[in-house]
Amino acid sequence: MTLVELVITISIMLLISTLCFSKDDLNKHQINSFTKQLCSDIRYVRKCNMLGDFKTYIYYKKNQEISSYVLRSKGNDMKEIELPSEINLEYGESKIRFKSDGSPDPKGQTIKVYNNKIKKEITIVPVSGRVLLKEGKYET
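Residues numbered from 1 in each chain as written. Predicted model: local features only at pLDDT ≥ 70, side-chain atom pairs only at ≥ 80, totals over all residues. Heavy atoms only, no water.

### Looking at the overall build of the protein chain
So, point 1. Each helix and strand in the protein chain was counted, giving two helices and nine strands.
So, point 2. For the protein chain, the sequential pattern of α-helices and β-strands runs α-α-β-β-β-β-β-β-β-β-β.
So, point 3. Computed over the C-alpha atoms, the radius of gyration of the protein chain is 19 Å, more than 25% above the 14 Å expected from 2.2 N^0.38 for a compact globule of 140 residues.
So, point 4. Viewed in the frame of its principal axes, the protein chain has a C-alpha envelope of about 65 × 35 × 30 Å. (Helix = DSSP H or I, 4+ residues; strand = E, 2+ residues; numbered from the N terminus. Rg over C-alpha atoms; globule rule 2.2 N^0.38 Å.)

Have a look at this one:
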């Protein structure tokens, strides 16, 4: 087999796999990616706040039809993560921050990321501040 035949074969396989990737799988992947990124950023904020950096927090933005959250650190917006289209975001508090003992400030909350078929929940436990992602067998 020559190199050209190998490249053509791999290209055809990639094309077929791309066509087989359904829209539901794409939506599920987008929701999973977004929720895992948000969990990671919340844990980062918790760690920074426990170390005394209380200028680090997350806040939500909504522009026309696009929802997003922004990680703000030391007075600057570090990054903004946009929610994919057709996916909704529900949250309790407008900012996510923690006290020096790791507990949420002012209280814990549940953040819901969903569309009409898929639902993910991130819970910030009120007393401990632990960040839990409901996934796997715990999904509804």
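### Description of empty space enclosed by the protein
So, point 1. Overall, the coordinates contain one cavity of 30 Å³ or more when judged by the stated rule.
So, point 2. Quantified by volume, the largest cavity comes out at close to 30 Å³.
So, point 3. Lys95, Ile96, Arg97, Pro104, Asp105, Lys107, Gln109 and Ile124 are the residues that line the largest cavity.
So, point 4. Of the residues that constitute the lining of the largest cavity, the class distribution is three nonpolar, one polar and four charged. (1 Å grid on protein atoms, 1.4 Å probe; cavity = no way out; pocket = protein on both sides within 12 Å on 5 of 7 lines; lining within 4 Å. Points joined across faces, edges and corners; volume = space filled by probe spheres on them. Nonpolar A, V, L, I, M, F, W, Y, C, P; charged D, E, K, R; others polar.)

### Observations regarding the nonpolar core
So, point 1. Judged by nonpolar contacts, the single largest core of 22 residues is most densely connected at Leu38, Ile42, Ile58, Ile96, Ile111 and Ile122.
So, point 2. If one sorts the elements of this core by residue count, helix α2 (residues 23-50) sits on top with six residues.
So, point 3. Each residue touching Ile122, except ones within four places of it in the same chain, is listed here: Thr35, Leu38, Cys39, Ile42, Gln109, Thr110, Ile111, Val131, Leu132 and Leu133. (Core = buried A, V, L, I, M, F, W, Y, C linked by side-chain atoms within 4.5 Å. Buried < 20%, exposed > 50% of the residue type's maximum accessible area, 1.4 Å probe, protein only. Contact = heavy atoms within 4.5 Å.)

### Side note on the layout of surface pockets
So, point 1. Taken as a whole, the largest pocket spans an internal volume of roughly 230 Å³.
So, point 2. Lining the largest pocket are 15 residues; nearest its centre among them are Lys62, Glu65, Ser67, Leu83 and Ile87.
So, point 3. Of all elements in the fold, only β1 (57-63), β2 (66-73) and β4 (88-90) reach the threshold of two or more residues within the lining of the largest pocket.
So, point 4. Split by residue class, the lining of the largest pocket holds seven nonpolar, four polar and four charged.

### Thoughts on the sheet that holds strand β3 (residues 76-82)
So, point 1. Overall, antiparallel pairing links the five strands, which are arranged β3-β2-β1-β5-β6 in an open sheet. One side of each edge strand has no neighbouring strand; the edge strands of this open sheet are β3 and β6 (104-105).
So, point 2. By the bridge criterion, seven bridges tie β1 to β2 in an arrangement that is antiparallel. When the bridges of β2 are listed, Tyr60 appears paired with Tyr69. (Pairing = 2+ DSSP bridges.)

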